[in-house]
Amino acid sequence: MVDVQGTVAIGFEPVRDAFAANFARHGERGAAVVLYREGEKVVDLWGGTKTPDDGPEPWARDTAQVVRSVTKGVAAAVPLLLHQRGQLDLDGRVSTYWPEFKAAGKERVLVRHLLAHRTGVPVLDTPLTPDEAIDGISGPRAVAAQRPVWEPGTAHGYHAQTYSWLLGELVRRVTGRTIGRWIAEEIARPLGLDLWLGLPEEQRDRVGRIAAVEALSAPAAQGPRLRPKRSVAEAYRDPESLTRRAFAAITPLPDENDPAYLAAELPASGGVATAEALARFYAALIGPLPSARTARSGGRLFAPATLTMARTEESAGPDRVLVVGTRFGLGYMLHGPACPLLGPGSFGHPGRGGSLAFADPEARIGFAYVTNGMRRGVTADPRAQALVRAVRTSLAAREA
């Protein structure tokens, strides 16, 4: 039995029960979940060990974790805030800010195409090495030169890795700052978030080690294992598929525990954060935080018009990379069968292997779950989904 630490407000006990059950039923090793409602924290739980091999060091309240593609949701706030401040036109061409990008048939790519995974550049004809991926030069140069695999704007497909260099270079061209520095100066510090895109050396000891873990056997998990559809499984097996090529844009796969990787600024996958920071971030997107140290809108990040844009559907239907049907707003995954969130108005982003963070303006919540035990799957991890269902149950009971 894992000793679950932390607190829940009255009425949110189902979240604590689901979090504890994840260790017994789903092979959880070390994790945390935090929920904000109406700007106040109502769930703050953690448990397990800091490393997924059940090492001696327990997960602490301030343990941070690499959150993979959950980073995309944090990074997406940057261009939206730049637009909100009048510094970036979402309907403008990317090449207006980044002239080299118009090469190879990309002259008509719009900023909103980039955010909605419609650019047509989810793959690289020549993958980058791990060292090239983080050098700040090779990635932007590669995506600028890459010919789209579909006509930009006509379809969508998850830009699993190339999102890093597309978004990072756009922000650098517009602001003169790296995206990690922009997030630190304009979001993390004002809101008091333990969240980094480019981990400082002095914070390394706080970061849990991640590793792949297997699901428990079917009897222990109290149900049959869910298997991917044949088309999805085949896409991941086929080395020539867009699916395999998109996730292999960095080859070989980088060591996500490497200090050099943690220090890099890869907005597609390299963010490091606590569950507290991510939940607080999403809570700040939709409403003011009483204790926020910021002069902008009392701690609220998105103006109402920006919030509407973030969660207005830009892409929907068959995803040319993930194969299943997905829905995207401007930089955010939206609630749907492939990525179930709290409800129709929810927006956020999952991380391949388990982590999840999102906001729901109607329910007035910001949610985050982070884990060090990485399982197969991209958008709907059973541990995260168990917690989301428990939040839904808790809210329904309070409104009854």
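For the structure, check the block above.
This one's a predicted model, so the numbers in the text were calculated from it and none came from an experiment. (Residues numbered from 1 in each chain as written. Predicted model: local features only at pLDDT ≥ 70, side-chain atom pairs only at ≥ 80, totals over all residues. Heavy atoms only, no water.)

1. Quick word on the overall build of the protein chain
Within the protein chain, the secondary structure is distributed over 14 helices and 14 strands. In terms of overall dimensions, the protein chain is globule-like: its C-alpha atoms have a radius of gyration of 20 Å, near the 21 Å expected for 400 residues. For the protein chain, the spread of C-alpha atoms along the principal axes amounts to about 55 × 50 × 45 Å. Put simply, the protein chain has 400 residues, and 57% of those count as buried. Sequence separation of at least 24 residues holds for 67% of the intrachain contacts in the protein chain that already meet a minimum separation of 6. In the structure as shown, the protein chain presents an accessible area of about 16400 Å², 50% of it carried by carbon and sulfur atoms. A distance of 4 Å separates the average location of the 48 positive side-chain charges in the protein chain from that of its 43 negative side-chain charges. (Helix = DSSP H or I, 4+ residues; strand = E, 2+ residues; numbered from the N terminus. Rg over C-alpha atoms; globule rule 2.2 N^0.38 Å. Buried < 20%, exposed > 50% of the residue type's maximum accessible area, 1.4 Å probe, protein only. Contact = heavy atoms within 4.5 Å. Areas by Shrake-Rupley, 256 points an atom, 1.4 Å probe, with all protein chains shown as cover. Lys, Arg positive; Asp, Glu negative; His and termini not counted. Charge placed at Lys NZ, Arg CZ, Asp CG, Glu CD.)

2. Observations concerning the pairing of strand E13 (residues 365-371)
Burial within E13 is extensive, with seven of its seven residues counted as buried. Here E13 shows two buried faces, one formed by Ile-365, Phe-367, Tyr-369 and Thr-371 and the other by Gly-366, Ala-368 and Val-370. With seven bridges joining them, strand E2 (residues 30-37) and E13 adopt antiparallel strand pairing. By the bridge assignment, Arg-37 is partnered in E13 with Ile-365. Sheet topology places strand E12 (residues 356-360) next to E13; five bridges connect them, and they run antiparallel. Its bridge partner lying in E13, Leu-356 is registered against Tyr-369. As consecutive antiparallel partners, E12 and E13 are separated by four residues, and within that stretch Arg-364 has a phi angle of approximately 60°, a positive value. (Pairing = 2+ DSSP bridges.)

3. Here's the deal with the packing of helix H2 (residues 70-84) against helix H12 (residues 275-286)
Between H2 and H12, whose axes approach to 11 Å, the crossing angle comes to 35°. The way H2 lies across H12 gives a crossing that is left-handed. Along its contact with H2, which presents Val-70, Gly-73, Val-74 and Ala-77, the element H12 presents Leu-278, Phe-281, Tyr-282 and Leu-285. When the residues that make up the contact of H2 with H12 are grouped by side-chain class, the tally is seven nonpolar, one polar and no charged. (Axes fitted to C-alpha atoms, helices over the stretch in contact; angles between N-to-C directions. Left-handed = near helix turned anticlockwise from the far one by under 90°. Nonpolar A, V, L, I, M, F, W, Y, C, P; charged D, E, K, R; others polar.)

4. Here's the deal with the layout of surface pockets
The space that makes up the second largest pocket amounts to roughly 240 Å³. Forming the boundary of the second largest pocket are 16 residues, of which Gly-136, Pro-140, Gly-168, Thr-178 and Glu-265 lie nearest the centre. Here the lining of the second largest pocket takes five residues from helix H7 (residues 163-175), the largest share from any one element. Classifying every residue of the lining of the second largest pocket by side-chain character gives eight nonpolar, four polar and four charged. (1 Å grid on protein atoms, 1.4 Å probe; cavity = no way out; pocket = protein on both sides within 12 Å on 5 of 7 lines; lining within 4 Å. Points joined across faces, edges and corners; volume = space filled by probe spheres on them.)

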